[in-house]
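Chain and residue survey
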Amino acid sequence: MKKSLVTLTLAGLSILIVESASAQTSATQNVTLTVNTVYKISTSGNPSSMIVTTGTAGTDALSSVSDNSTTYSITQNYGNTVKLTANLDAALSAGYALQLNMASSKGTSAGTVDISNATSGSAVNVVTAVNRGADAGQMITYTFSALASAGMLSSTNKTVTFTLTN
Amino acid sequence: MKTQILYIAKKTAKTLVAVLAMASGLYAQGSSTQQSLILRVMELNKLGLIGGSLKLTIDKLYADQFAPAPVVNANTTLLWTSNGENKKITVASNNNNPRYALRVAPQEMSPGAGVAAPEVSFSDNKNHDFIVGVNRSAGKCVIQFTAAADVAKGIGSDTHVITFTITSS
């Protein structure tokens with residue numbers, strides 16, 4: 001009797017153990033994926049020096065010089081309100097002008113924009129309504145001009161900052 | 001065994017979440033970039049002439065004298081542009097011993113583009129001041145030539161090649 005009772009108990013326990021084992025055949029996980037806003041802009045390098053060397057007798061505006069040897073590339077996943085702005089580290093003196101044209105196949109280029117007085121607090125739009133995606137190898141064109149009445153300009157370094165923003 | 005399986009599952013989940021978080025962090029960078037430019041304006045001095053060659057013919061007498069009347073020509077224009085300081089424009093003839101008198105002076109000058117020098121009478125082939133005080137300006141003036149002949153000099157002709165030069169004062 002005792003033996004039967006023990007056996008029965010053992011069997012019951014076995015069943016209990018077996019049942020417990022069968023209750024853990026699957027497990028679940030919660031995995032959260034997040035894609036943050038991505039902005040990336042890069043340029044192919046620096047343009048060549050722009051040097052004004054000639055003009056026309058009787059005319060104050062000297063012959064301007066241009067450079068289109070560099071390109072920019074952007075990637076963004078935010079939306080079509082993204083825009084590209086440009087500014088100089090410091091404004092040019094009166095009588096000198098720097099214009100910028102940024103080509104674009106993903107947004108609307110502002111065409112040729114005067115950035116002579118665009119500093120960090122007054123950056124100008126150069127491309128607007130940039131659609132999601134990548135835009136690679138788009139041309140950057142600079143045009144530098146000067147007035148004779150402004151005088152000569154010794155070799156001067158300027159930094160142009162391009163910023164993607166929404 | 002089951003504990004081991006559970007342990008591996010938990011560790012994999014943590015790793016997966018960590019990888020996703022890291023990826024997001026990487027793509028948050030790079031929203032601006034810069035280019036360096038070098039700008040320069042060299043010294044520039046330019047002269048130009050409108051009107052070309054001239055022919056002055058003395059063939060009339062003064063109304064009340066038996067002397068040839070001078071002839072004046074103001075049909076040519078000189079233009080200049082300079083972004084330099086303290087410049088002047090000189091004039092010279094290649095005829096250093098002319099038979100007849102030829103004089104030249106600037107007229108109707110652009111305001112602020114320089115100061116007219118006194119009329120020049122060509123008697124040598126040296127440079128003479130024509131316009132002074134040219135500083136970072138663009139301007140123009142009428143070139144007025146006056147030809148005169150003394151009756152004692154008879155009839156004939158002189159040839160002048162006139163050269164204007166912009167130079168430092």
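None of these values were measured; they are calculated from a predicted model. (Residues numbered from 1 in each chain as written. Chains lettered and ligands numbered in written order. Predicted model: local features only at pLDDT ≥ 70, side-chain atom pairs only at ≥ 80, totals over all residues.)

Check the secondary structure of chain B and you find 1 helix and 10 strands. Starting at the N terminus and ending at the C terminus, chain B contains elements arranged as α-β-β-β-β-β-β-β-β-β-β. Out of the 169 residues in chain B, the part that is buried amounts to 20%. At a minimum sequence separation of 6, the contacts of chain B that also span at least 24 residues come to 79%. (Helix = DSSP H or I, 4+ residues; strand = E, 2+ residues; numbered from the N terminus. Buried ≥ 20, exposed ≤ 12 C-beta atoms within 10 Å, placed from the backbone. Contact = placed C-beta atoms within 7 Å.)

The next thing to look at is the overall build of chain A. Of the regular secondary structure elements, chain A holds 1 helix and 10 strands. The N-to-C order of helical and strand elements in chain A reads α-β-β-β-β-β-β-β-β-β-β. A burial count over chain A gives 23% of its 166 residues as buried. When contacts within chain A are restricted to residue pairs at least 6 apart in sequence, long-range pairs at least 24 apart make up 75% of them.

Residues and elements named next belong to chain B. Read from one edge of the open sheet, 5 strands run β2-β3-β9-β5-β7, paired in antiparallel fashion. Each edge of the open sheet is held by one strand with a lone partner, namely β2 (45-50) and β7 (120-121). Looking at chain direction, strand β3 (residues 71-82) and strand β9 (residues 137-148) are connected through 10 bridges and run antiparallel. Along β9, the bridge assignment pairs V72 with T146. (Pairing = 2+ DSSP bridges.)

Time to look at the environment of D158 of chain B. Residue and element names in this part refer to chain B. If you trace the backbone, D158 turns up in the loop between β9 and β10 (162-168). Taking the number of C-beta atoms within 10 Å as the measure of exposure, D158 has 17 and is therefore partly exposed. Separated by 61 residues in the primary sequence, D158 and N97 have C-alpha atoms spaced 9.5 Å apart. Those residues within four positions of D158 in sequence are excluded, and the remaining contacts are N95, P98, R99, Y100 and L102.

Turning our attention to the interface of chain A and chain B. Listed as interface residues are 50 residues of chain A and, on the opposing side, 38 residues of chain B. No other element matches the 12 residues that strand β10 (residues 153-165) of chain A contributes to the side of chain A that touches chain B. Partitioned by chemical class, the residues of the side of chain A that touches chain B number 23 nonpolar, 24 polar and 3 charged. (Nonpolar A, V, L, I, M, F, W, Y, C, P; charged D, E, K, R; others polar.)

Across the sheet, which stays open at both edges, the 6 strands sit in the order β2(A)-β1(B)-β10(A)-β4(A)-β8(A)-β6(A) with mixed pairing between neighbours. The open sheet terminates on both sides in strands that have one partner only, identified here as β2 (50-52) and β6 (108-109) of chain A. As paired strands, β2 of chain A and strand β1 (residues 32-41) of chain B are joined by 3 bridges and run parallel to one another. Note that in β1 of chain B the partner of I51 of chain A across the bridge is R40 of chain B.

So, about the pairing of β3 of chain B. Of the strand pairs in this sheet, β2 of chain B and β3 of chain B are connected by 6 bridges, and their pairing is antiparallel. Paired with L49 of chain B across the strands is L78 of chain B, a residue of β3 of chain B.

Let us now look at the nonpolar core. If you look at the biggest cluster of nonpolar residues, it comprises 51 residues, and the most contacted ones within it are L84, A86, M102, Y142 and F144 of chain A. Among residues more than four places away in sequence, those in contact with L84 of chain A are M102, V126, V127, V130, F162 and L164 of chain A. (Core = buried A, V, L, I, M, F, W, Y, C linked by C-beta atoms within 7 Å.)

It is worth spelling out the confidence of the model for chain A at this point. Averaged over every residue, the pLDDT of chain A is 90; the share at 70 or more is 86%. This stretch, residues 15-22 of chain A, has a pLDDT under 50; its non-local contacts, to residues over four places away or in other chains, come to 0 contacts. (pLDDT = per-residue confidence, 0-100.)

Further remarks concern the environment of D59 of chain B. Residues and elements named next belong to chain B. Within the element layout of this structure, D59 appears in the loop between β2 and β3. For D59, a count of 9 C-beta atoms within 10 Å translates into the label exposed. Each C-alpha atom of the pair D59 and R40 lies 55 Å from the other, and the pair is 19 residues apart in sequence.

Residues and elements named next belong to chain B. Inspection of the secondary structure puts H128 in strand β8 (residues 128-134). For the pair H128 and T167, spaced 39 residues apart in sequence, the C-alpha to C-alpha distance is 12 Å. Discounting residues that sit within four places of it in the chain, H128 has contacts with T90, V91, A92 and V120.

For A129 of chain A, which is not a glycine, the phi torsion comes out positive at approximately 50 degrees. Looking at the secondary structure, you find A129 of chain A in strand β8 (residues 124-130).

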